[in-house]
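Residue-level structural notes
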There are 2 protein chains.
Amino acid sequence: MRNVAVIGTGLTKFGEHWEKSLRNLSTEAGALALKEADIDGSQVQALFIGNMSAGRFIGQEHLGALAADQAGLLPIPATRCEAACASGSLAFRKAVFAIQSGRYDIVVAAGAEKMTDLKGTDAIATLMGAGDQEWESSIGLTFSGLYALMARSYMHRFGLTREELALIPVKNHANGVNNPYAQFRFEITVEDVLKSPMISDPLRLLDCSPITDGAAAIVLASEEVAKKYENPIWLLGTGHASDTLALHSRPDICTISATGHASRKAYEEAGLKPGDMSMAEVHDCFSIAELLAYEGLGFAEKGKGRELLVNGDTKTTGRIPVNTDGGLKLGHPVGATGIKQIIEVVKQIQGKAFNQISNVKYGLTHNVGGSGATCIVNIFGVEKPVR
Amino acid sequence: MRNVAVIGTGLTKFGEHWEKSLRNLSTEAGALALKEADIDGSQVQALFIGNMSAGRFIGQEHLGALAADQAGLLPIPATRCEAACASGSLAFRKAVFAIQSGRYDIVVAAGAEKMTDLKGTDAIATLMGAGDQEWESSIGLTFSGLYALMARSYMHRFGLTREELALIPVKNHANGVNNPYAQFRFEITVEDVLKSPMISDPLRLLDCSPITDGAAAIVLASEEVAKKYENPIWLLGTGHASDTLALHSRPDICTISATGHASRKAYEEAGLKPGDMSMAEVHDCFSIAELLAYEGLGFAEKGKGRELLVNGDTKTTGRIPVNTDGGLKLGHPVGATGIKQIIEVVKQIQGKAFNQISNVKYGLTHNVGGSGATCIVNIFGVEKPVR
């Protein structure tokens, strides 16, 4: 299998971009990525874009061609990938496969979502397109409702307290203060979380990721191209797995089994273990999701994820820092999130992150679609894998 | 590059399936494809599904995981691809890349769309998600309107008559009579076309493809697996290109330049010329689209496509039969169409088609998204390519 590396990254600010449309945002991120890779558009051979629901958010499908068109990259082949909130990571994987097929040496993998052009209630309904329409959304379930069911069940089974769960958004908000791309840049306390408005019991406003506009893009290259760069960051392993769309169809709603399947595949491909990771970006769409990720990724045993929180292990000063840029809590333009996670890991490995961790050798991204029906895990490192 | 072959195909009837949902249709097609390939679900390593707009048609995104879930294929990785009406071919290409990356040996590529659960006007608006939302759909353009602009311009520039254009639906309806999967199975005359209700001048009802529910699936295999089969059909070449989303941005609205780019790439990869093709399935969403395809694919020079019609060259008895199963006029469940086209070409090469052409050595599929912003061309043959 051919080796693939990231040679450039680009990110828009995450937030409410009333003055920019989806096409503006995706082009902005793409141009920044090309600039960082020091290439021009004529060198890009194919484009992949992750987007969840522009059809419903802004009445626009066919985003591959649109992105290529707006970026002046015509007539290159352009592909839109969708797996709900894991759409960005899906686009990344398809871009990797395209290089590994032997067809291309330089491709762009991007993600973008424009979520604020609709009213709040419509955005919630649109996001439920990621769940099971016939069994969940049709009866009024929302994503905060689905994750609240997981949180309540987890608290009951494993003795997690409401205060302990609040440590996740507190940590992530603290990390986001230094992140100029974050939608929110203020610290919060456990008390703030517990006093914030109830959304879906036991989850409160500060447990939830926001509605966000934004885009992210990376330039990927084959080994032949990447070896000419000073600081390429190599993909060491990748895994992707599926689960039932409906939460109620799973044997255990406190386990996102797709995380386990995808991460085992990624660790195996990379020849690494959970303990080898220097840091991770995980999918904290709701506070409980980050806790489930700790366990699914093997950072803690089932039911023991709370110990990482209580010990501060996942803070930037801990043994396995998680969501060093603030995570999804600091902005979640759904289609862009997977690519944004990769950018943070790349910056950490390059030693150029906002909250730089020392000695980052290996970093992992974990991106979930829906309530866990899709999970994609990628592992990156500074040294070229030998295959 | 690894060789890839089709080893199984499955198709639902195209039509108005009031008693079946998208998940029923995709599972039905997938099960038929597995049966034809004589494999069971445990052998499928990854799933790719093309779908244009289930988010708007039925409120359901996240179709990769849904299809894997419904088909009992969990936890395999599942990918939804979208490029408007070329979504099926896009899923096929990504499935091919996945095998060529070296990761998988058996994958399913499917396409599905459920279009009738909405009222007619909503379906038209939803389909305009394939066009440019900011410059076309927002001002009321429809797809029949866009193709009518091309048709009117073409008739003016190249002297095509309304009667000559009608020969396309007349031919395709005649081919569809023998096709048990077709939505409509009756012959029509040129007079019928000219008397059918006006939709967008000069296009009339019988120039237009219908609103359809349906699904199609194929099983793809690497050479290692495919060589154990009696009659694998090999992918010889594939091409994919993009153009501006908005029709008005193109230098010439009588040319779908993405067809030219994609087909040149496919011919080059296959080491074949347009004249080598025994038959082709082309994207006749509107009658004029088939004529433009003749020229874009190199079957006729620019402005001379009408000669093929007048001479009957693209009838089943002609020198380059086109749309031998009836084409899109006999049903166009947009996400499924690209896979359905591949199935017809595979059946023709295997000698098992409804309207079997004699001595089919090479067949081509041509699938267009929107008014030509995406085009994907694939060439298949009975002999394994030597690379």
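This text gives an overview of the structure that appears in the document. (Residues numbered from 1 in each chain as written. Chains lettered and ligands numbered in written order. Predicted model: local features only at pLDDT ≥ 70, side-chain atom pairs only at ≥ 80, totals over all residues. Heavy atoms only, no water.)

Comments concerning the environment of K340(B)
Residue and element names in this part refer to chain B. Relative to the assigned elements, K340 resides in helix α13 (residues 337-350). Overall, the relative accessible area of 5% leaves K340 in the buried class. Spatially, the C-alpha atoms of K340 and H261 are 22 Å apart, while their sequence positions differ by 79 residues. If we ignore the near neighbours within four places in the chain, the residues touching K340 are L11, F14, A216, E281, D325 and G327. (Helix = DSSP H or I, 4+ residues; strand = E, 2+ residues; numbered from the N terminus. Buried < 20%, exposed > 50% of the residue type's maximum accessible area, 1.4 Å probe, protein only. Contact = heavy atoms within 4.5 Å.)

Points about helix α1 (residues 22-37) of chain B
Residue and element names in this part refer to chain B. In this model, α1 (16 residues) spans 23 Å end to end at C-alpha, consistent with the 22 Å of a helix rising 1.5 Å per residue. Within the span of α1, buried status applies to L22, R23, L25, S26, A29, G30, A33, L34 and A37. Viewed along the axis of α1, the buried residues span an arc of 165 degrees, placing them on a single side of the element. Packed against the buried residues of α1 are β1 (4-11), β2 (46-50), α2 (54-58), α3 (63-70), β4 (106-113) and β7 (214-222). Looking at the residues trailing α1, positive phi occurs at D38, about 55 degrees. (Expected span 1.5 Å × (residues − 1). Arc of directions from axis to C-beta.)

Section: the pattern of salt bridges
Using the criterion set out here, one finds 48 salt bridges over all chains in the structure. D132(B) is paired through a salt bridge with R23(A); the nearest N and O atoms lie 2.9 Å apart. Of this pair, D132(B) sits in the loop between α5 (120-127) and α6 (143-158) while R23(A) is found in helix α1 (residues 22-37), placing the two residues in two different chains. Exposure class is identical for D132(B) and R23(A). Each is buried. As a salt-bridge pair, D252(B) and R157(B) come within 2.8 Å of each other at their nearest N and O atoms. Of the two residues, D252(B) is situated in the loop between β8 (233-242) and α10 (257-270) and R157(B) in helix α6; the sequence distance between them amounts to 95 residues. Residue D252(B) is classed as partly exposed on the basis of its relative accessible area, which comes to 22%. Each of R2(A), D105(A) and E224(A) takes part in salt bridges that share partners, so that together they form one network. (Salt bridge = Lys/Arg side-chain N within 4 Å of Asp/Glu carboxyl O.)

Remarks on the packing of helix α4 (residues 87-100) of chain A against helix α13 (residues 337-350) of chain A
Residue and element names in this part refer to chain A. Where α4 meets α13, the axes come as close as 5 Å, and the angle between the chain directions of the two elements is 70 degrees. Our classification of the angle between α4 and α13 gives roughly perpendicular. Mapping the contact onto sequence places G88, S89 and F92 in α4 and G338, I339, Q341 and I342 in α13. For the contact of α4 with α13, the per-class residue count stands at 3 nonpolar, 4 polar and no charged. (Axes fitted to C-alpha atoms, helices over the stretch in contact; angles between N-to-C directions. Parallel < 35°, antiparallel > 145°, perpendicular 65-115°, else oblique. Nonpolar A, V, L, I, M, F, W, Y, C, P; charged D, E, K, R; others polar.)

Quick word on the relation of the copies chain A and chain B
Note that the two copies of the chain are related through a rotation about an axis and a translation along the same axis. Screw-axis analysis of chain A against chain B gives a translation of 0.0 Å along the axis, an RMSD of 0.0 Å, and a rotation angle of 180 degrees. Both copies of the chain, as the preceding transformation shows, are related through a two-fold rotation axis. Judged by C-alpha distance, S101(A) is the residue of chain A that lies nearest the rotation axis, at 2.1 Å. Here 100% of the interface residues in chain A have copies in chain B that are interface residues too; the copies meet face to matching face. (Least-squares fit on C-alpha atoms with pLDDT ≥ 70 in both.)

With respect to the state of the cysteines
For the structure shown, the criterion picks out 0 disulfides over all chains. Summary of cysteine pairing: C375(A) is not part of a disulfide, and the nearest cysteine sulfur, belonging to C285(A), is at 11 Å. C375(A) gets classed as buried once you look at its relative accessible area, which sits at 0%. Looking at C81(B), it has no disulfide partner, and the nearest cysteine sulfur is the one in C81(A), 5.1 Å off. (Disulfide = S-S within 2.5 Å.)

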